[in-house]
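# Inside the fold
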Amino acid sequence: MKILLKNGRVIDPANEIDAVLDVLIEDGKIAAVGADISAPDAQIEDVSGKVVAPGFVEMHAHMRDFNEPQRDTFYTATSSAVCGGFTSIGVMPNSDPVVDNVEMIERVKQRAKESALTRIYPFASVTVGRKGEQIVDMKALADAGAVAFSDDGNSFKEATMMRDILEQTKLVDRVVDLHCEDKAYTGKGVVNAGKLAEELGLPGISSVAEDIEMARNLIIQEEVGGHMHIAHLGSERSVELVRFFRNRGVKFTCELIPHQFSRTEDIVREKGVLAKVKPPFRGQKDVDGIRRGLHDKLVDVIASDHCPYAPEELEGGLTATNLFGISGFETTLPLALEMVRLGVTDMSYIIRCMTVNPARIMRLYDRGTLSVGADADVTVFDPDKEWVVTKECLHSKGPNNPYIGDTMRGRVELVIIGGEVICRDFKILKNVAKR
Ligand SMILES: [Zn+2]
């Protein structure tokens, strides 16, 4: 089976390619990338005017399943992912049960084999039950296939524990992926502290909660070394902390999710509970600061932080008790492309942050690239095509997406995994066990 993608703008940051070229796929692999490739027996796809990129690599996604099928299953979550152009997903371990042991790693892999449309790579938690008390057996979990470690949603109270975890990351060559938040400082906070919180009569979340924890962790990193990745930067100051520690030569990676760069807290006034997320949507100063981080290429990864809830969990509007999180892989790319149109950054950098960078951080050195000989995981999108986000075009079970009703520009049109067409214009073509 051969597929020839003709005349697309091929953006493959791993190989420093950004040019109008053809891509030939043969026997599940990238067979050639070049000008005027001819392959008379291939299925020809005219992709002129479109972008041909490596399949997107996700390193921050909550896929649920197991004891939470009402929120999402591997089938529904990966349906959403593949429609968003993602072909490899690192799965956050805060499922029920928590992935903190080898048996759960095996269960994730088995569930993926049965019903996932994308490649699936398990994360393991850093501490047993994500309780922040006892570090897991990182060696055994890495050997079993954990691509990274995270207690996402929780942080480590004791600085000495952060130190010990970093020491361990050196032994297993995996990152610890940090959700930086001083929970006592967050308190019962719901939305951005300040005007919005006062207006809504809800407790606020100050960016201090994130920034003090992040500064502490980076100071320890500077002393101890090890492999650290910082999830979802959420303030202007967090970006400046990245700049400060990078200037000091400290080695770490960091990530943005679209919510923090795409909209201000105004979206919360309009969309209420659908826009309840951590870190919260913030004010213009923070959004500007975060965009400056993108512009100055201080950020390594753009992730979706797909975080679905069942419809009944959203009832009652925005309150202190609803959970935090936004669902929807499908809106990640168009929100990132807005940053290109606004002149914040360039397309190649966006693609880098969604392909080879997260792949390398998860030690998946064969993903996120269109190198000849690599598995043919390819995403083709039209960067200018407009579409309106409706519940029907989101494939997750979680309807908690605040962009429903908005017009997005940029749409994934064709997704190929291992040489097989999995999705075409939001239609799933692969047959797996649906749950
Ligand atoms: Zn988090």
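Below, the structure is looked at part by part. No experiment lies behind these values; they were computed from the predicted model shown.

## Comments concerning the side chain of aspartate 211
Take aspartate 211: it is sitting in helix H7 (residues 208–224). Taking the relative accessible area as the measure of exposure, aspartate 211 reaches 4% and is therefore buried.

## Describing the state of the cysteines
Following the criterion strictly, the structure yields zero disulfides and no others. The cysteine cysteine 254 is free of any disulfide, with cysteine 353 supplying the nearest cysteine sulfur at 8.8 Å.

## Focus: the sheet that holds strand E7 (residues 86–91)
Taken in spatial order, the three strands of this open sheet run E6-E7-E8, and their pairing is parallel. Strand pairing shows two members of the sheet lacking a second neighbour, strand E6 (56–61) and strand E8 (119–122), which therefore form its edges. Each strand axis lies, on average, 20° off the axis of its neighbour in the sheet, ignoring direction. Judged from the four bridges that link them, E7 and E8 form a sheet pairing that is parallel. Residue pairing for E8: serine 88 is matched across the bridge by arginine 119.

## Some details on the nonpolar core
Note on soluble globular proteins: their nonpolar side chains tend to be buried together. Among the nonpolar cores identified, the biggest contains 102 residues, and Phe149 and Phe381 are the most heavily contacted of them. Apart from the residues lying within four places of it in its own chain, the contact partners of phenylalanine 149 are Ala124, Ser125, Val126, Val136, Met138, Leu141, Ala142, Val172, Arg174, Val175, Val176 and Asp177. If you look at the next biggest cluster of nonpolar residues, it comprises 16 residues, including Val10, Ile25, Leu370 and Val378.

## Let's talk about the coordination of the zinc ion
Protein coordination of the zinc ion is provided by Asp152 (OD), His179 (ND1) and His232 (NE2), with donor distances spanning 2.0 to 2.2 Å. Considered as a linear motif, the donors of the zinc ion on their single chain read D-x26-H-x52-H. With histidine 179 in the loop between strand E10 (176–178) and helix H5 (183–186) and histidine 232 in the loop between strand E13 (228–230) and helix H8 (236–247), this residue pair connects regions lying 53 residues apart in the sequence. Residue classification places histidine 179 among the buried positions, given a relative accessible area of 8%. Accessibility expressed as a relative area gives 4% for histidine 232, which makes it buried.

## Brief notes about the packing of aromatic side chains
Enumeration over the complete set of coordinates arrives at six aromatic pairs. Measuring from ring centre to ring centre gives 5.7 Å for phenylalanine 56 and phenylalanine 86, while their planes differ by 70°; the resulting arrangement is edge-to-face. A residue pair is termed long-range when its members are at least 10 positions apart, and phenylalanine 56 in strand E6 and phenylalanine 86 in strand E7 qualify at 30 residues. Each member of the pair, phenylalanine 56 as well as phenylalanine 86, is classed as buried. Ring centres of phenylalanine 66 and phenylalanine 74 lie 6.0 Å apart, and the angle between their planes is 75°; on these two criteria the pair is classed as edge-to-face. Take phenylalanine 66: its relative accessible area is 8%, and that puts it in the buried class. Taken together, the aromatic side chains of Phe56, Phe86, Phe329 and Phe381 make up a single cluster linked through ring pairs. Positioned above the aromatic ring of tyrosine 309 is the side chain of arginine 64, whose terminal nitrogen or guanidinium carbon lies 5.0 Å from the ring centre. Seen from the ring of tyrosine 349, lysine 297 lies directly overhead, with NZ or CZ sitting 4.8 Å from the centre.

## So, helix H13 (residues 347–354)
Most of H13 is tucked away, with six of its eight residues classed as buried. Taken together, the buried positions of H13 are Met347, Tyr349, Ile350, Ile351, Cys353 and Met354.

## Thoughts on the pattern of salt bridges
According to the stated counting rule, one finds 40 salt bridges in the structure shown. Among the salt bridges present, the one from lysine 109 reaches glutamate 106, with a minimum N-O distance of 3.8 Å. Pair noted here: lysine 109 and glutamate 106 are both in helix H2 (residues 102–115), with a separation of three residues, about one helical turn. Between arginine 119 and aspartate 375 there is a salt bridge, with its nearest N and O atoms 3.8 Å apart. Placement of arginine 119 in strand E8 and of aspartate 375 in the loop between helix H14 (356–361) and strand E16 (378–388) is noted, with a sequence separation of 256 residues between them.

## Digging into the pairing of strand E5 (residues 51–54)
Where strand E1 (residues 2–12) meets E5, two bridges bridge the pair, whose relative direction is parallel. Paired with valine 10 across the bridge in E5 is valine 52. In terms of strand pairing, E5 meets E16 through four bridges, oriented antiparallel. Pairing of valine 51 across the sheet is with phenylalanine 381, part of E16.

What counts and how
- Residues numbered from 1 in each chain as written.
- Predicted model: local features only at pLDDT ≥ 70, side-chain atom pairs only at ≥ 80, totals over all residues.
- Heavy atoms only, no water.
- Helix = DSSP H or I, 4+ residues; strand = E, 2+ residues; numbered from the N terminus.
- Buried < 20%, exposed > 50% of the residue type's maximum accessible area, 1.4 Å probe, protein only.
- Disulfide = S-S within 2.5 Å.
- Pairing = 2+ DSSP bridges.
- Axes fitted to C-alpha atoms, helices over the stretch in contact; angles between N-to-C directions.
- Core = buried A, V, L, I, M, F, W, Y, C linked by side-chain atoms within 4.5 Å.
- Contact = heavy atoms within 4.5 Å.
- Donors = N, O, S within 2.8 Å, 3.2 Å for Na, K, Ca; no water.
- Phe/Tyr/Trp six-rings, centres within 6.5 Å; stacked < 30°, edge-to-face > 60°.
- Lys NZ or Arg CZ within 6 Å of the ring centre and 35° of its normal.
- Salt bridge = Lys/Arg side-chain N within 4 Å of Asp/Glu carboxyl O.

Note that all results are geometric; they support no functional claim without further evidence.
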